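# Structural features, examined
Spelled out from the first residue to the last, the chains are:
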Amino acid sequence: MSGTKRPLSAADGETEDPSAVAMPPLYLEEGLFAVHKPLGWTSQDVVGKLRFQLEADARTRNAPDVRTKKRRPWMKVGHGGTLDPLATGVLVCGVGSGTKSLQKYLVGSKAYRAEITLGYQTTTLDDDPTGSVVDRQSFAHVTEMRTIHEVLQQFTGTIQQIPPVFSALKRDGKKLYELGRQGQTAEDLNIPPREVTIYNLKLVGYDEQTQTQTAAVAVAGSDKSTEPVQQQPEPIQSFVIDVECGGGTYIRSLVRDIGIALGTVATMTRLERTKQGQFLPEHAMPYSIEPRDLIRDEKGCIVVDKREDCNWTVASINDAIRTCRETLMTSEDDGLKVKLCNNEAEA
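The notes below deal with the structure included here. (Residues numbered from 1 in each chain as written. Predicted model: local features only at pLDDT ≥ 70, side-chain atom pairs only at ≥ 80, totals over all residues. Heavy atoms only, no water.)

### Some thoughts on the overall build of the protein
Here is the rule we go by: Numbering of helices and strands runs from the N terminus; a helix is a DSSP stretch of H or I covering at least four residues, while a strand is a stretch of E covering at least two. Type-normalised accessible area, obtained with a 1.4 Å probe on protein chains alone, sets the label of each residue: buried when under 20%, exposed when over 50%, and partly exposed for intermediate values. Residue contacts are counted whenever heavy atoms from the two residues lie within 4.5 Å of one another.
Per the secondary structure count, the protein includes seven helices and 13 strands. The 347 residues of the protein split such that 44% are buried. Taking all contacts inside the protein whose residues are at least 6 apart in sequence as the whole, residues at least 24 apart take part in 74%.

### Focus on the packing of aromatic side chains
The following threshold applies: Working definition: rings of Phe, Tyr and Trp (its six-membered ring) pair if their centres are within 6.5 Å, and the pair is stacked with planes under 30 degrees apart, edge-to-face with planes over 60 apart, and tilted otherwise.
One pass over the structure, following the stated rule, counts four aromatic pairs. Centroid distance W41 to W312: 5.8 Å. Interplanar angle 70 degrees. Geometry classified as edge-to-face. Of this pair, W41 sits in the loop between β1 (31-37) and α1 (43-60) while W312 sits in the loop between β13 (284-285) and α7 (314-326); the two residues are 271 residues apart in sequence, bridging distant segments of the chain. The residues W41 and W312 share a single accessibility class, namely buried. Ring geometry for Y287 and W312: centres 5.0 Å apart, planes at 75 degrees, overall edge-to-face. Pair noted here: Y287 is in the loop between β13 and α7 and W312 is in the loop between β13 and α7, with a separation of 25 residues, a long-range link.

### What to know about the pairing of strand β12 (residues 266-276)
For the record, the criterion: Being paired, for any two strands, means DSSP has found at least two bridges between them.
As defined by bridge partners, strand β3 (residues 87-95) adjoins β12 across three bridges and the pair is classed as parallel. Bridge pairing in β12 links T88 to E272. Across nine bridges, strand β4 (residues 110-118) lies against β12 in antiparallel orientation. Bridge pairing in β12 links R113 to E272.

### Some points on empty space enclosed by the protein
Our working definition: Think of a 1 Å grid over just the protein atoms. A cavity is a set of points where a 1.4 Å probe fits yet cannot get out, a pocket is an open set with protein on both sides within 12 Å along at least five of seven lines, and lining residues have an atom within 4 Å of a point. Grid points are joined across faces, edges and corners, and a volume is the space filled by probe spheres set on the points.
Scanning all chains against the criterion turns up one cavity of 30 Å³ or more. Around the largest cavity sit L26, Y27, L28, E29, L54, D57, R61, M75, V95, V314 and N318, which together line it. Breaking the lining of the largest cavity down by element, the ones donating at least two residues are α1 and α7.

### Points about the nonpolar core
Basically, it comes down to this: Put simply, buried Ala, Val, Leu, Ile, Met, Phe, Trp, Tyr and Cys residues joined by side-chain atoms within 4.5 Å make one nonpolar core.
Within the largest apolar cluster, 56 residues are counted, with the highest numbers of intra-cluster contacts made by F33, I148, F239, I241, I251, I258 and W312. At five residues, α1 tops the list of elements feeding residues into this core. Discounting chain neighbours no more than four positions away, the residues touching F33 are L50, L91, V92, C93, V95, F279, M285, I317, A320, I321 and C324. Of all hydrophobic cores here, the second largest spans ten residues; its members include V90, V92, L102 and F279.

### Side note on helix α3 (residues 145-152)
Short version of the rule: Within this analysis, the arc is defined by the directions that extend from the helix axis to the C-beta atoms.
The complete set of buried residues in α3 reads M145, I148, V151 and L152. Along the axis of α3, the buried positions cluster into a sector of 120 degrees, meaning they face one direction only. Those residues of α3 that are buried lie in contact with β10 (194-203), β11 (238-245) and α6 (251-261).

### Focus: the pattern of salt bridges
Just so we agree on the cut-off: By definition here, a salt bridge exists when the distance from a side-chain nitrogen of Lys or Arg to a carboxyl oxygen of Asp or Glu is within 4 Å.
The tally for this structure, following the rule as stated, stands at eleven salt bridges. Residues E29 and R325 are paired through a salt bridge, measuring 2.8 Å at the closest nitrogen-oxygen approach. Of this pair, E29 sits in the segment before β1 while R325 sits in helix α7, and the two are 296 residues apart along the sequence. By relative accessible area, which is 14% here, E29 ends up buried. Looking at R325, the relative accessible area reads 38%, which means it is partly exposed. Linking R256 and D257 is a salt bridge whose minimum nitrogen-to-oxygen distance equals 2.9 Å. Here the two residues R256 and D257 agree in accessibility, since each one is buried. When salt bridges with common partners are traced through the structure, they connect E29, D319, R322 and R325 into a single cluster.

### Re the layout of surface pockets
Vacant regions in the atomic arrangement are exposed by a probe of water-molecule size rolled over the atoms. Applied cut-off: Only Asp, Glu, Lys and Arg are considered charged, only Ala, Val, Leu, Ile, Met, Phe, Trp, Tyr, Cys and Pro nonpolar, and every remaining residue, Gly among them, polar.
Volume-wise, the largest pocket comes out at about 1,400 Å³. Lining the largest pocket we find 47 residues, and of these T82, L83, D84, P85 and R252 sit closest to its centre. Elements with a contribution of two residues or more to the lining of the largest pocket: α1, α2 (103-107), β4, α4 (176-181), α6 and β12. Of the residues assigned to the lining of the largest pocket, the class counts are 19 nonpolar, 15 polar and 13 charged. Considering only enclosed or pocket space, the second largest pocket measures out at about 430 Å³ in volume. Counting only elements with at least two residues in the lining of the second largest pocket, the list comes to β5 (120-122), α5 (186-189) and α6. Broken down by element, the lining of the second largest pocket gets its largest block of residues, three residues, from α6. Among the residues forming the lining of the second largest pocket, the class breakdown is ten nonpolar, nine polar and three charged.

### A closer look at unusual backbone geometry
Notably, N62 is not glycine yet its phi reads approximately 60 degrees, a positive angle. With respect to the helices and strands, N62 occurs in the loop between α1 and β2 (77-79). Accessibility expressed as a relative area gives 57% for N62, which makes it exposed. Phi at L125 is positive, roughly 70 degrees, even though this residue is not glycine.

Given below as structure tokens:
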């Protein structure tokens, strides 16, 4: 006697017995796609939102529940590399069989645009409202973009990097950020450095031809400018960098180390992921809701409501998966291949 086949996706809709009634597929589409992670959301918030939408639709279609353990998620949804809550940008996601391809995005190259602000450092190494300022130092000596450009060259190639305390790495079974919330510092935890790769690092907008530190001003009481007067250069407090790096790199730690190399301290005040594999911002499904002010809790953190209506619908998710499969996935270059670092190009 033939049983009823339970397809997991619409592509598996044929049954062994033509007379059997096919069950609705659990997944209408399976594969990879990318979203633009909103400010204030964790990467797991994104996964939770996508899963909530897809599972609600599966229930309305009476899709089969093939879980052997009910505590597990009904539908497989995941992401290919954590973005901090205060970061935005490209986040690769997978649905169904697409989750099997996410591991390579965890270790593959990524690109970011980060804003660095000199003069202070926080416990979280960024502007997270749950953090606090732990160090302030003068940056008055940082007056030339050329100096910053030269310092950045120290951080290209394979480097040693100490991860931030506020990260998901584990120590003795506990996540570091849990220990950080208990007041433990990087010195207390003695976090060992890790080897990471920086493929490209550049100062955005730096133009050596137009950079100048002097100006000619008119002598007081004179109708004409007679002699150039040397002006004191203004300190540079904030600047923006573009980074392309391998998996496991913490941009917050990179910002911290750049500040130290400049003879001061620094904090990351903005971060956007601009590339993950072959996925660019134009390939990422944007997030939009009705315009309103961001809701924050008593600590200043942005409140995320996964049930809030937005443009991430089942139709838009499935359309994004199809578009990705028909365009990006047809290329042999996945954007994740090992690249030569600048200082290894002739090796």
